[in-house]
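Chain and residue survey
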Amino acid sequence: MENKDDGVLFTGIEVIQTKSLFEEVSNTFTIEFWAQPSARQDMEKKESTSGTGAINGQRFVIGPGNAMEKTAAGVGVSVGTNGVIVCEHSVNYLPPILVYKRNISEWTHVAIVYRNKTPSLYINGKLVKNGLTSKKVNIYPSGSIGGHNPYGHYEGLLKDVRIWNFAKTDKEISEQMNEFLAGNEKGLIAYWSLTKDKEITSNQTNAIGTKEILDNTTKVVASTEQTLEDELIFCTSICANYLPKAKVLAKSIKKFHPNSKVIICLVESDIHPTAEKFSYFDKVILAKDLEIENFNKFIMKYNALEASTAVKGALFSYLLRTYKHNNKFIYLDPDIYVMDTFNELNSILEKHSIVVTPHTLEPEDKNHITAIRGNEIQLLQKGTFNLGFLAISRSPNSERFISWWSDRLSQYCYDDTPNGLFTDQKWVNLAPCFFDVFILKHPGYNVAPWNLSKRSIHRSENELLVNNKRLKFVHFSGFDSGANLKVTKLYVPDQSNPIYTIYNQYVNELIEMGQGKMKNIRWSYERNKNDKKVKKAPQIKYQIKKK
């Protein structure tokens, strides 16, 4: 994003994020700005008050905030050289509610006036079209300038973005569109001048790029040089005996993404004291507080492994509800060790809303029978993708996926390989069939014993490389059982290989975090108040009877 003498140039990657929605204003309001777009958008949209017709090909000046409620929606405004589209965004809902085709090549004033949930479009002070009346109960203006991941970003010059808490009249729009503002005008709830000579001020501090937003009570100077990592929300799910691993994970995340948030889901009846005091945890939430339906019945049918994976879908749903201003969410297993920034993943999440990593990226050699049996045949049983990693960005596609996955995990998250199930992981074999899924094939992501037969780790100056790509994270799956080290030695017999240096470093950090004392903590849902083992509920019958 570049300041010009007359506005700010957006190149299709920048987002000024202040708040997702201005929920203090609903149904009747005005959004206006000056724009000189430089790129076309997909105008072949049919106006509708349902569906997700505006999901692709947009150039959002105002990114449509997701209201996360079926009765409400946020407004987005997309402008290209070939026209203007107004859309609304909520859960599984992103329709174009107003579509207006027009050539726009010069500086053009655009105003969208909502009057009792009906948008009207004004171009250079003149009414050109009325849109459809929304069927939602509440419609809110959105606070994301320049785009919305992953639906589309604006390209071109932009200035004087203003949001008012009333519906401007035709006369007010035409007479005031060229006026300069002081920032304290009655009814002005947000204002980004986006001009070179203005002081950059804000009542929020999580924006990217140059911005100005004023309200009637607050005016705070804010930094404009923050990176995309501010948007990342990391999470994991554990029982208490995995707290040392989760601490090492969180510390490694913060080393490379210091402005991210780390959320821990603890599948226990109470929060362990050491979890509350650990500074690298931004929040610890109990699984029973994720709003899982019939939680007691849910937890009683699973063992600790099954339960800690069964909550993952509900955890993502909780994050989407709770962190409305954030768009990117990454799950990592607690036994993962982050070694570098996730820049590639961050960029991928701009365009794709579900990202997974396969266990392996290359076929085993035909004569390596041990690797074929231990990897390829195992993966046919356990699942193609390793669910120690899963990343999503906010979209109808990812929301549908999380809803489906949560439902399956609530009923069928069993460790039952002979009957076709392996906790949360095997289900995701079906995800590319049902949803748009990006398969991340960077060899530096999700390095683990099972793929060391085909991944070569070496040091080049100050970098650790995997098949000549930077090492991103190592997955120490099977650490407690000893399988991790056993398989590593099988595929990497050279003890001088950097993987052993990383392993020893990981062990030392685990010891520092209390692994010796905490690894044997009993699962609180395994025993009742009288310290007697709880009898698990019978599995749901899903096995296919043999004839």
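Presented here is an overview of the structure given in this document. Think of each chain on its own: its residues are numbered from 1, step by step along the sequence as written. Only residues with pLDDT of 70 or above have their local features reported here, since the model is predicted, and side-chain atom pairs are shown and tallied only from 80 upward, although totals for entire chains, interfaces and linings are computed over all residues. To obtain the side-chain values, all non-hydrogen atoms of the structure were used and water was disregarded.

A look at the packing of aromatic side chains
Two rings from Phe, Tyr or Trp (for Trp, the six-membered ring) form a pair when their centres sit within 6.5 Å of each other. Planes less than 30 degrees apart are called stacked, planes more than 60 degrees apart edge-to-face, and all others tilted. Per the stated rule, a full pass over the model turns up 28 aromatic pairs. Seen in terms of ring centroids, F298 and Y302 are 5.5 Å apart; in terms of plane orientation they differ by 85 degrees. Their pairing is edge-to-face. Note on exposure labels: buried denotes an accessible area under 20% of the residue type's maximum, exposed denotes more than 50%, and partly exposed covers the range between, all computed with a 1.4 Å probe on protein chains only. Accessibility expressed as a relative area gives 4% for F298, which makes it buried. Judged by centre distance (5.9 Å) and plane angle (40 degrees), the ring pair of F479 and Y503 falls under tilted.

Describing the pattern of salt bridges
One speaks of a salt bridge when a side-chain nitrogen belonging to Lys or Arg is within 4 Å of a carboxyl oxygen belonging to Asp or Glu. Inspection of every chain in the model, using the stated rule, returns 16 salt bridges. R115 is the partner of D170 in a salt bridge, and the nearest nitrogen-oxygen pair spans 3.9 Å. Here D170 is found in helix α1 (residues 170-176), whereas its partner R115 is found in strand β9 (residues 108-115), with 55 residues between them in sequence. A salt bridge links K472 to D340, with the shortest nitrogen-to-oxygen separation between them at 2.9 Å. Residue K472 is located in the loop between β31 (469-470) and β32 (473-475), and its partner D340 is located in the loop between β23 (336-338) and α7 (343-351); the two are separated by 132 residues in the primary sequence. The same class applies to K472 and to D340, which are both buried. Salt bridges here are not isolated pairs; linked through shared partners, they connect D340, E344, E463, R470 and K472. Every helix listed is a DSSP run of H or I at least four residues long, and every strand listed is a run of E at least two residues long, numbered separately from the N terminus.

Description of the nonpolar core
In terms of nonpolar packing, the biggest core is built from 55 residues, with F281, I330, L332, V338, F342 and L345 touching the most fellow members. Here this core gets 7 residues from one element, more than from any other, and that element is helix α2 (residues 243-256). In this view, L332 contacts F234, C235, T236, L249, I253, V338, F342, G388, F389 and F473; residues no more than four positions away in its chain are not counted. By size, the runner-up hydrophobic cluster in this structure holds 47 residues, among which are C239, Y302, W404 and W405. Nonpolar core, defined: a set of buried Ala, Val, Leu, Ile, Met, Phe, Trp, Tyr and Cys residues in which side-chain atoms within 4.5 Å join the residues together. Contact between two residues is taken to exist if any of their heavy atoms lie within 4.5 Å; hydrogens are not considered.

That's the geometry; what it means functionally is another story.
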